[in-house]
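Examination of the molecular architecture
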Amino acid sequence: MTSNSTVTYTSIDAKLEPSSTTKQMPPALFYPVNVKNLQLGNRLAVSSMCSYAAGPGNQIANLHLSRYKSFSAQHPGLIMIEGMCVDPKGKLDDKELGIWNDEQAKKLKQIVDEIHKDGCVCCVQLSHGGRKAIGDGEFDLNGRASEHNDSSRGGDDDNEILAPSAIAYDNRSKVPKEMTLADIQHAIGSFVEAAKRVVTISKVDSVEISCCNGNLLHQFMSKATNLRHDEYGCQSIESRCKILLDIIDQVRKAIGDDVPIFVKLSACDNLFKDESLDEFLSIADLIIGTGQVSLIHVTSGKITPNSKPRYSLNSDPNIPGHIPLASILKKHVKNKCLVGCSGALDMDVVKLNHYVDDGMIDVAFIGQGFLEMPNLVNQIAAKLNHKIE
Ligand SMILES: Cc1cc2nc3c(=O)[nH]c(=O)nc-3n(C[C@H](O)[C@H](O)[C@H](O)COP(=O)(O)O)c2cc1C
């Protein structure tokens, strides 16, 4: 790690040096944590959640403004703005938010400004659907395929979609075109330009690169979808991860040293019984080895229709799905990087607080709960007998 990506743990400092006043320490979920120059006020983060409700030009619409305002009014430690597609060919849905032009970034700034008015930290997830995309052809806005009703994923016959290898997602999906090296450089450039846009135009505080949920970067990382034999091919972990590592490197150069970079990472595809986690830790080592990534958000599965999240690791149904995977990673990386995860974490917040207190995870990403509960942060605080000041 370079000094640029140092992560400090306010929680640990706080535990070692209790305040001289008699004031009670907050529960671990409500300790702040610093990420580079940013301070997350607590460990509760809104996880990225696509709404597939973009306005014309794949821009932010009113729904987004009201949704994100309702999140920021609760003061979570971090708000991850939903996956924004870096290239029109990579859209999962015709109403997915895009971030391939400056107009989209200007519109995004409206949300970022509102989130900042509430004193919250905000990050944007950057994504590309690869073979799961619908491409950039013309679409009937009312009737096209989407991630959720995928009856004709892949769009029109003349509408090209791209992937590391020419393998369709399922038997109803279009076969993607195997990307040339020029296509790969173009995709890397799209991530880099998008990151520059959200930082310089939209003024977000950090960027998350999405390498999960079966999307383009995950498709390169997985042996199930990458059959290439070039420098981005399947012959080694390094070559499967090269596109992600190139993006991290070039994004860092484009956005300067101060803006934290996060990665949402699929820990395993869960396609075989007893799939090893050694690869996951090796991939994490490569990511951390760049010295540029401040947080890894752990998830799993979804590379193929049979690739379920790795809940099977978890024999106790009372432990949320990704906690075991994330805690294995945390133990491995120690303080080189923050580790977060998502997946029903709000099921038992007393236990969740213990996971953070015990150093098993640093940040709790919550999705559905924030959509369902208008005052989730307060409810969590109340369950922990904590009064938010
Ligand atoms: C409506 C919805 C949309 C989602 N969209 C995204 C997305 O854009 N990018 C992503 O990485 N994960 C996405 N997810 C997954 C969530 O970020 C989160 O990882 C998952 O829902 C598990 O957390 P939860 O059980 O607290 O909801 C989405 C989840 C939901 C429910």
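Residues numbered from 1 in each chain as written. Predicted model: local features only at pLDDT ≥ 70, side-chain atom pairs only at ≥ 80, totals over all residues.

Cut-off, in case you're wondering: UniProt positions are given in the numbering used here, feature names are shortened, and annotations may be inferred rather than shown by experiment.
An unreviewed UniProt entry annotates the protein chain as Oxidored_FMN domain-containing protein of Candida parapsilosis. Taken directly from UniProt, the Cofactor (unreviewed entry) text for the protein chain runs: "FMN".

Some thoughts on the overall build of the protein chain
How we decide: Helix numbers and strand numbers start at the N terminus; a helix is a DSSP run of H or I with at least 4 residues, a strand a run of E with at least 2. Any residue whose C-beta has 12 or fewer other C-beta atoms within 10 Å is treated as exposed, any with 20 or more as buried, and any in between as partly exposed, C-beta atoms being built from the backbone. What counts as a contact here is a pair of residues whose C-beta atoms, placed from the backbone, lie within 7 Å.
A tally of regular secondary structure across the protein chain gives 11 helices and 13 strands. Looking at the protein chain as a whole, 50% of its 389 residues qualify as buried. If you take every contact in the protein chain between residues at least 6 apart in sequence, the share linking residues at least 24 apart comes to 71%.

Notes on the packing of helix α7 (residues 278-289) against helix α8 (residues 323-333)
Test applied: Between N-to-C directions, angles span 0 to 180 degrees; the directions come from axes that are lines fitted to C-alpha atoms, helices contributing only their stretch in contact. An angle below 35 degrees is read as roughly parallel, one above 145 as roughly antiparallel, one from 65 to 115 as roughly perpendicular, and any other as oblique. Crossing handedness is read from the near helix: turned anticlockwise from the far helix by less than a right angle, it gives a left-handed crossing, and turned clockwise, a right-handed one.
Running from N to C, α7 and α8 point in directions that differ by 50°, and their axes come no closer than 11 Å. One element, α7, and the other, α8, form an angle in the oblique class. Here α7 runs over α8; the crossing is right-handed. From α7, Leu281, Ala284 and Ile288 reach across to α8, where they touch Leu329, His332 and Val333.

Section: the pairing of strand β6 (residues 122-127)
Every other side chain in a regular strand lies on the same face of the sheet, so the side chains alternate between the two faces. So the rule is basically this: When DSSP finds two or more bridges between a pair of strands, those strands are recorded as paired. Handedness of a crossover is defined as follows: orient the strands so they point away from the viewer, and if the path from the first strand over the helix to the second runs clockwise, the crossover is right-handed.
β6 sits mainly inside the fold: 6 of its 6 residues count as buried. Judged from the 5 bridges that link them, strand β5 (residues 78-85) and β6 form a sheet pairing that is parallel. Considered in β6, the bridge of Ile81 is made with Val124. Each parallel crossover has a hand, and the one from β5 via helix α3 (residues 102-117) to β6 is right-handed. Two elements, β6 and strand β9 (residues 206-211), share 4 bridges in a ladder whose sense is parallel.

Points about the site of the ligand
Our working rule: Here, nearness is defined through the C-beta atom: a residue counts as near a molecule or strand if that backbone-placed atom lies within 6 Å of it. Just so you know the grouping, Ala, Val, Leu, Ile, Met, Phe, Trp, Tyr, Cys and Pro go in nonpolar, Asp, Glu, Lys and Arg go in charged, and all remaining residues, Gly too, go in polar.
Neighbouring the ligand are 20 residues; Ser47, Cys50, Gly83, Gly367 and Gln368 lie closest to it. Looking at the shell around the ligand, its residues break down into 6 nonpolar, 12 polar and 2 charged.

Some points on the nonpolar core
Most often, soluble globular proteins keep nonpolar side chains buried together rather than apart. The cut-off we apply is this: Each nonpolar core reported here comprises buried Ala, Val, Leu, Ile, Met, Phe, Trp, Tyr and Cys residues connected via C-beta atoms within 7 Å.
Counting residues in hydrophobic clusters, the biggest one holds 106 residues, and the most contacted among them are Phe191, Val207, Ile296 and Ala364. With 9 residues, helix α4 (residues 181-200) is the largest single contributor of residues to this core. With sequence-adjacent residues up to four places away left out, Ile296 is seen in contact with Val263, Leu265, Ala284, Ile287, Leu329, Cys337 and Val339.

Describing α4
The criterion, for reference: A helix is expected to span 1.5 Å multiplied by its residue count minus one.
If you check α4, its first and last C-alpha atoms are 28 Å apart, about what 20 residues at 1.5 Å a residue would give, namely 28 Å. Among the residues of α4, Ile184, Ala187, Ile188, Ser190, Phe191, Val192, Glu193, Ala194, Ala195, Arg197, Val198 and Val199 are the ones counted as buried. Tucked into the core, α4 has its buried residues touching α3, β6, β9, α5 (216-221) and α6 (237-255).

Details of the sheet that holds strand β11 (residues 293-299)
The 8 strands are arranged β4-β5-β6-β9-β10-β11-β12-β13 in a closed barrel whose pairing can be described as parallel. Averaged over all neighbouring strand pairs, the angle between strand axes comes to 25°, with direction disregarded. Note: strand β4 (residues 44-46) against β5, 2 bridges, orientation parallel. Each bridged residue has a counterpart across the sheet, and for Val46 the counterpart in β5 is Ile79.

Topic: helix α11 (residues 376-383)
In an α-helix, one turn spans 3.6 residues, which is why side chains three or four residues apart end up on the same side. The test is simple: Directions pointing from the helix axis toward each C-beta atom define the arc.
Among the residues of α11, those classed as buried are Leu376, Val377, Ile380 and Ala381. Buried residues of α11, seen end-on, are gathered within an arc of 140° and therefore sit on one face of the element. Buried-residue contacts for α11 involve β4, α9 (349-357), β13 (363-366) and α10 (368-372).

Observations regarding the confidence of the model for the protein chain
The cut-off we apply is this: Predictor confidence is given residue by residue as pLDDT, running from a minimum of 0 to a maximum of 100.
In the predicted model, the protein chain carries a mean pLDDT of 89, and 87% of its residues have values of at least 70. Here residues 1-22 is a poorly scored stretch, pLDDT under 50, and it has 29 contacts once near neighbours within four places are set aside; other chains count.

Focus on the packing of α4 against α6
One way to put it is that α4 packs onto α6 with a least axis distance of 9 Å and a crossing angle of 35°. For the element pair α4 and α6, the recorded crossing hand is right-handed. Here α4 contributes Ile184, Ile188, Phe191, Val192, Ala195, Lys196 and Val199 to the contact with α6, which in turn contributes Ile243, Asp246, Ile247, Gln250, Val251, Ala254 and Ile255.

Quick notes on the environment of Leu371
Its location among the elements puts Leu371 in helix α10. On a C-alpha basis, the gap between Leu371 and Val46 in space is 9.4 Å, while along the polypeptide they are 325 residues apart.

Description of the environment of Asp113
Position of Asp113 relative to the elements: it lies in helix α3. Taking the C-alpha atoms as reference points, Asp113 and Val204, 91 residues apart in sequence, are found 8.8 Å from one another.

Let's talk about the environment of Gln39
As for its position among the elements, Gln39 is in strand β3 (residues 38-40). When the C-alpha atoms of Gln39 and Gly77 are compared, they prove to be 8.2 Å apart, with 38 residues separating the residues in sequence. Setting aside residues up to four positions removed in sequence, Gln39 forms contacts with Pro32 and Asn34.

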